[in-house]
Amino acid sequence: MNDFHYKNGTLHCEDLALSTIAKKVGTPFFAYSHANLLRQIHAYQEAFSAVPHLIAFAVKANSNIAVLRLFGREGGGADIVSGGELHRALVAGIDPKRIVFAGVGKTTAEMKDALKAGILMFNIESAQELAALDACAKSLQMIAPVALRVNPNVNAQTHPYISTGLKKSKFGIEITQAASQYYIAMGLSNIKIVGIHSHIGSQLTQISPFVDTLTRVYELIKALRLEDVCIDHWDIGGGLGIVYNDEQPPSQKEIANALLPLLKKSGCQIILEPGRSMVGNAGTLVTRVIYTKKGEAKNFVVVDAGMNDLSRPSLYQAYHEIRPVVEKERIQEVVDVVGPICESGDFLAQDRKLGQVEADELLAVMSAGAYAFSMSSNYNSRPRPPEVLVRGKEFEVIRKRETLEDLLRGEQIPGYLQEGDLSL
Ligand code: LLP
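Residues numbered from 1 in each chain as written. Predicted model: local features only at pLDDT ≥ 70, side-chain atom pairs only at ≥ 80, totals over all residues. Heavy atoms only, no water.

Q: When you look at the site of the ligand in this model, what are you seeing that I'm missing?
A: Surveying the vicinity of the ligand reveals 18 residues, the closest of which are Ser202, Glu273, Arg312, Tyr316 and Tyr371. A distance of 2.8 Å separates an oxygen atom of the ligand from a polar atom in the backbone of Gly275. Between the ligand and the protein, one listed contact pairs a nitrogen atom with a side-chain N or O atom of Tyr316 at 2.7 Å. Taken together, the residues of the shell around the ligand sort by class into six nonpolar, six polar and six charged. Counting the residues that make up the shell around the ligand, at least three belong to each of domain 1 (4–31 + 280–408) and domain 2 (33–279). (Near = heavy atom within 4 Å. Polar contact = N/O pair within 3.5 Å; in protein donor to acceptor, adjacent residues only side chain to side chain. Nonpolar A, V, L, I, M, F, W, Y, C, P; charged D, E, K, R; others polar. Domains from an automatic or database assignment.)

Q: Just checking my understanding: could you explain a nonpolar patch on the surface for this structure?
A: Among the surface-exposed residues, Ile413, Tyr416 and Leu417 lie close enough to one another that they form a single nonpolar patch of about 340 Å² accessible area. Tracing the chain through its elements places Ile413 in the segment after helix H12 (404–408). Its relative accessible area of 56% is what places Ile413 among the exposed residues. (Patch = residues over 30% accessible without salt bridge, like charges linked within 9 Å, V, L, I, M, F, W, Y side chains within 5 Å. Areas by Shrake-Rupley, 256 points an atom, 1.4 Å probe, with all protein chains shown as cover. Salt bridge = Lys/Arg side-chain N within 4 Å of Asp/Glu carboxyl O. Helix = DSSP H or I, 4+ residues; strand = E, 2+ residues; numbered from the N terminus. Buried < 20%, exposed > 50% of the residue type's maximum accessible area, 1.4 Å probe, protein only.)

Q: Is there a simple way to think about the domain arrangement of the protein in this case?
A: When the domains of the protein are assigned, the result is domain 1 (4–31 + 280–408) and domain 2 (33–279). Each of domain 1 and domain 2 has a C-alpha centre, and these two points are 32 Å apart. Taken together, the two surfaces of domain 1 and domain 2 that pack against each other cover about 2000 Å², and 53% of this comes from carbon and sulfur. Here domain 1 and domain 2 share 16 residue pairs in polar contact (both at pLDDT 80 or more) between them. Elements represented by at least two residues in the side of domain 1 that touches domain 2 include exactly helix H11 (312–316), strand S20 (387–391) and strand S21 (394–399). If you tally residues by element for the side of domain 1 that touches domain 2, the top one is S20, at four residues. Classifying every residue of the side of domain 1 that touches domain 2 by side-chain character gives 12 nonpolar, seven polar and six charged. (Buried area = accessible area lost by both parts, 1.4 Å probe.)

Q: Teacher, can you tell me more about empty space enclosed by the protein here?
A: Empty pockets left among the atoms are what a rolling probe the size of a water molecule brings to light. Taken as a whole and assessed by the stated rule, the structure comprises two cavities of 30 Å³ or more. As a volume, the largest cavity reaches approximately 80 Å³. For the largest cavity, the full set of lining residues is Tyr44, Phe210, Ile236, Gly237, Gly238, Gly239, Leu240, Ile255, Leu259, Leu272 and Pro274. A per-class count over the lining of the largest cavity returns eight nonpolar, three polar and no charged. The calculated volume of the second largest cavity comes to roughly 40 Å³. (1 Å grid on protein atoms, 1.4 Å probe; cavity = no way out; pocket = protein on both sides within 12 Å on 5 of 7 lines; lining within 4 Å. Points joined across faces, edges and corners; volume = space filled by probe spheres on them.)

Q: Just checking my understanding: could you explain the nonpolar core for this structure?
A: Side chains that are nonpolar tend, in soluble globular proteins, to be buried together. By size, the foremost hydrophobic cluster in this structure holds 95 residues, and its most contacted members are Phe48, Phe122, Ile196 and Trp234. If you tally residues by element for this core, the top one is helix H8 (residues 208–226), at seven residues. Mapped onto the domain boundaries, this core takes at least three residues apiece from domain 1 (4–31 + 280–408) and domain 2 (33–279). Apart from the residues within four sequence positions on either side, Phe48 is in contact with His53, Ile236, Gln252, Ile255, Ala256, Leu260, Leu263 and Leu272. (Core = buried A, V, L, I, M, F, W, Y, C linked by side-chain atoms within 4.5 Å. Contact = heavy atoms within 4.5 Å.)

Q: Is there a simple way to explain the pattern of salt bridges in this structure?
A: Any two side chains of opposite charge can pair, given that their charged atoms come close. On inspection of all chains with the given rule, the structure shows 15 salt bridges. A salt bridge links Glu125 to Arg149; its shortest N-O distance comes to 3.0 Å. Of this pair, Glu125 sits in the loop between strand S8 (121–124) and helix H6 (127–139) while Arg149 sits in strand S9 (residues 144–151), placing them 24 residues apart in sequence. For the pair Glu125 and Arg149, one class covers both residues: buried. A salt bridge links Glu361 to Arg330; the nearest nitrogen and oxygen atoms lie 2.8 Å apart. Residue Glu361 is located in the loop between strand S18 (347–355) and strand S19 (362–365), and its partner Arg330 is located in the loop between strand S16 (322–324) and strand S17 (332–338); the two are separated by 31 residues in the primary sequence. Like Glu361, the residue Arg330 is buried in the burial classification.

Q: Would you mind showing me how to read the packing of H8 against helix H9 (residues 252–266) here?
A: To characterise two packed helices, one gives the angle between the axes of the helices and the distance between these axes. One way to put it is that H8 packs onto H9 with a least axis distance of 10 Å and a crossing angle of 0 degrees. By the criterion of interaxial angle, the relationship of H8 to H9 is roughly parallel. Along its contact with H8, which presents Phe210, Val211, Leu214, Thr215, Tyr218 and Arg225, the element H9 presents Ile255, Ala258, Leu259, Leu262, Leu263, Lys265 and Ser266. Looking at the contact of H8 with H9 residue by residue, the class counts come to nine nonpolar, two polar and two charged. (Axes fitted to C-alpha atoms, helices over the stretch in contact; angles between N-to-C directions. Parallel < 35°, antiparallel > 145°, perpendicular 65-115°, else oblique.)

What follows is the structure in structure tokens.
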């Protein structure tokens, strides 16, 4: 199923030409396909239907409340890592009993908010955090439901920045120390152990790291059960990769088939925390060519989206396919597609073979539904682009373009710097 395709020579999202959206909202903008989003959550639900499961979407991948709402309405939950994400999930109407809270640095304020909201469980990443949560829960006279995030020391075979399951990583409790932490947790009056969690990295394209991890975690579950530690919820994390270029990630079904025997044996409710694979290929960033610039060493296509809008190419040398919105015969050339930001690292593509484009043309940067808008910034004082949700031949703005006023929100000039104040 292709939600982005050429029709009558123009790139469409579902049944709507991206050029039509550009006319209405200007550029740059993010567009997401409703059908694609739905299909992803359904694919997960179907693939794991043989076990009781919860698809807790990793909010960090795309935090727009319309996207969260859509998944929530389909029975999905949320994997959050901050008080801000908790707020978004609740505003989007996600049932707190479908929210899991991970992250190495939860503050007591965040813990208290999540306790009061009544979330499903806290994925605890260290001994100190466990003690802090116990104290928070005590102060509220509540019991905190807990899973420990164990670090299985498995190589996720992905980019080092997004690999999280190795010993040297800051995440989780080393699997060798997990049992003793569970026994400590059992002794804490305001902690209730409900599960176990692991997440080893992102953009995984192999099945084996998942299998290796879960095999290790299952051994631990069995050992814990012998000691009467109650593990009912098994959160197997996220991490499934998507196709940006020529990757061949397994499908949800293939992953499920490899994992289901273990998962079934556990008798647990299975929680998944997919982010990228739920939204990545549902989105595009549409940008307009401002100038083309021929240099002695390189040719540049200067566009109106930059690293502040989509930071993945600069941060991780990530590849995002770029397609001209108008399809026609073009001479191929090798170019750098760069943004307007004053940094050499501001590129969307480098040394990319692309059909020749002219100023004013539209380009679609593909696979921009995950870790794109959610990682955007206002660097160079650039208002962030709007996000739109396309459904059939209609679209709705789900986040407005920021204005100049938005840029200044919260800033103030001290009285002594105000005009006419000469008291210094
Ligand atoms: N669960 C936990 C605890 C996580 O830390 C993450 C992602 C996920 C789930 C979702 O993983 P996913 O299914 O999306 O792979 N900014 C990077 C990716 C960072 C991933 C961080 N953690 C990128 O743009 O590639």
